[in-house]
Amino acid sequence: MALSSTVESMKTSTTLKIDALAKEMKNAGKDVVLFTAGEPDFPTPEPIKMAAKAAIDSNFTKYTNSNGIQELRMGIVKKLQKDNRLNYTPDQIVVSNGGKQALFNAFGAILEVGDEVIVITPAWVSYIPQIKMWKGNVVLLKTFPETGYLPDEKSFEKVVSPKTKAILINSPNNPTGAIYPPKTLEMIANFAKKHDLYVVADEIYEKLSYDLPHLSIASFDGMAERAIIINGFSKSYAMTGWRIGYSASSQVIAKEISKIQSHTTSNVNSIAQVAALKALDVDTSYMAKEFKERRDLTVDLLSKAGFKFFKPQGAFYVMIDMREFMSEKSTEEFCLDLIKTAGVAMIPADDFYAPGFVRMSFSTSKQEIENGIQRMKSHLIAS
């Protein structure tokens, strides 16, 4: 019998393939520097873990409201007011199983079959498959390191059509580390209003902003009803495995998102919700400080070694142009060779729609950063 053509057409993630191979080699005792991580290497802060343990001890282990417990949604409302100058009510917040489910819910709430979503590339690998799962069509808008990976209005005008329903933005960006300045966000907001579009804004890396302060597109005039803000606790609080994300949107959209969640995952793990509520009171600025220091070290070492790259302004990734070293190899072949010959694991950026580039994560120790870049230099520059 036939299977789903939508799912069959999806490509298995190269990111997971490379990361799995590198970890397998490391577990086998081989000396491999891992620059593949998409998560903070810090432990979850102790107060958050203690809150989870207390929840278990008090038997807070039953189903919760599908949208999330009231206390957590209220806490998120206060966070958005304090950090982002955004005014929401608890019924506009839906707590989800990570930012990934929040994105999936958002696309489902707004897309009809054949609707188009403008996706700015390079882009995180799951955006496009999620849109396609909801029978939407993806229109790519390419950006380049020479222009700071920033889109411009002319590029938007070239790809918009009567079928366009939404624009997806991600700032700070995975994989580029680019941050959209106020001027770019204002342009996107005005464009969305002009063409009557939604903006799905993935802001999961907001607290890892080094050179520019994070600004939410929902804060611009007329965007409260159009913007769907996606955020979570994974990157800011080192809680990737806890699977806590959320969306903030208009009441109309939040109601539709709630329907999707109620018929899929029902609700988020009750214990993790209590932990997330505690996280809102925990200062994790030390993580951001350390990541900035690692960013600066990475940029300095890559520059001295002679690599071509875009200096990230946020998140914990750097995009390196490896085309001059690849010869006839594909980016995946290049990365596989680098693991085996130099003991350095990085992610080929083909799945991010940036062939010839690799994504290096500096979510690892400074010693490993120094060690790995020295290996890259010896293997590539000196060869």
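Scroll up a little and you will see the structure.
Calculation criteria
Residues numbered from 1 in each chain as written. Predicted model: local features only at pLDDT ≥ 70, side-chain atom pairs only at ≥ 80, totals over all residues. Heavy atoms only, no water. 1 Å grid on protein atoms, 1.4 Å probe; cavity = no way out; pocket = protein on both sides within 12 Å on 5 of 7 lines; lining within 4 Å. Points joined across faces, edges and corners; volume = space filled by probe spheres on them. Helix = DSSP H or I, 4+ residues; strand = E, 2+ residues; numbered from the N terminus. Nonpolar A, V, L, I, M, F, W, Y, C, P; charged D, E, K, R; others polar.

*Asks:* I'm lost on empty space enclosed by the protein in this one. Help?
*Replies:* The method is simple in principle: a probe with the dimensions of a water molecule rolls over the atoms, and the space it marks as empty is what remains. Counted by the stated rule, this structure contains 4 cavities of 30 Å³ or more. Taken as a whole, the largest cavity spans an internal volume of roughly 50 Å³. Lining the largest cavity are Val119, Ile120, Pro122, Ala123, Trp124, Tyr127, Leu168, Ile169, Asn170, Asn173 and Tyr180. When contributions to the lining of the largest cavity are tallied by element, the ones reaching two or more residues are strand S3 (116–121) and strand S5 (164–170). Of all the elements, S5 adds the most residues to the lining of the largest cavity, at 3 residues. Partitioning the lining of the largest cavity into residue classes produces 9 nonpolar, 2 polar and no charged.

*Asks:* What exactly am I supposed to notice about the layout of surface pockets here?
*Replies:* Each pocket or cavity is described by its volume, and for the largest pocket that value is around 1300 Å³. Along the walls of the largest pocket sit 46 residues, with Thr15, Lys100, Trp124, Val125 and Ser126 positioned nearest its centre. The set of elements that each furnish at least two residues to the lining of the largest pocket consists of helix H2 (14–27), helix H5 (98–110) and helix H6 (127–133). The element best represented in the lining of the largest pocket is H6, accounting for 6 residues. A class-by-class count of the residues in the lining of the largest pocket yields 16 nonpolar, 15 polar and 15 charged. Considering only enclosed or pocket space, the second largest pocket measures out at about 410 Å³ in volume. In terms of lining, the second largest pocket is formed by 20 residues, of which the most central are Asp83, Lys207, Tyr237, Leu280 and Val282. When contributions to the lining of the second largest pocket are tallied by element, the ones reaching two or more residues are helix H4 (70–84) and helix H11 (285–305).

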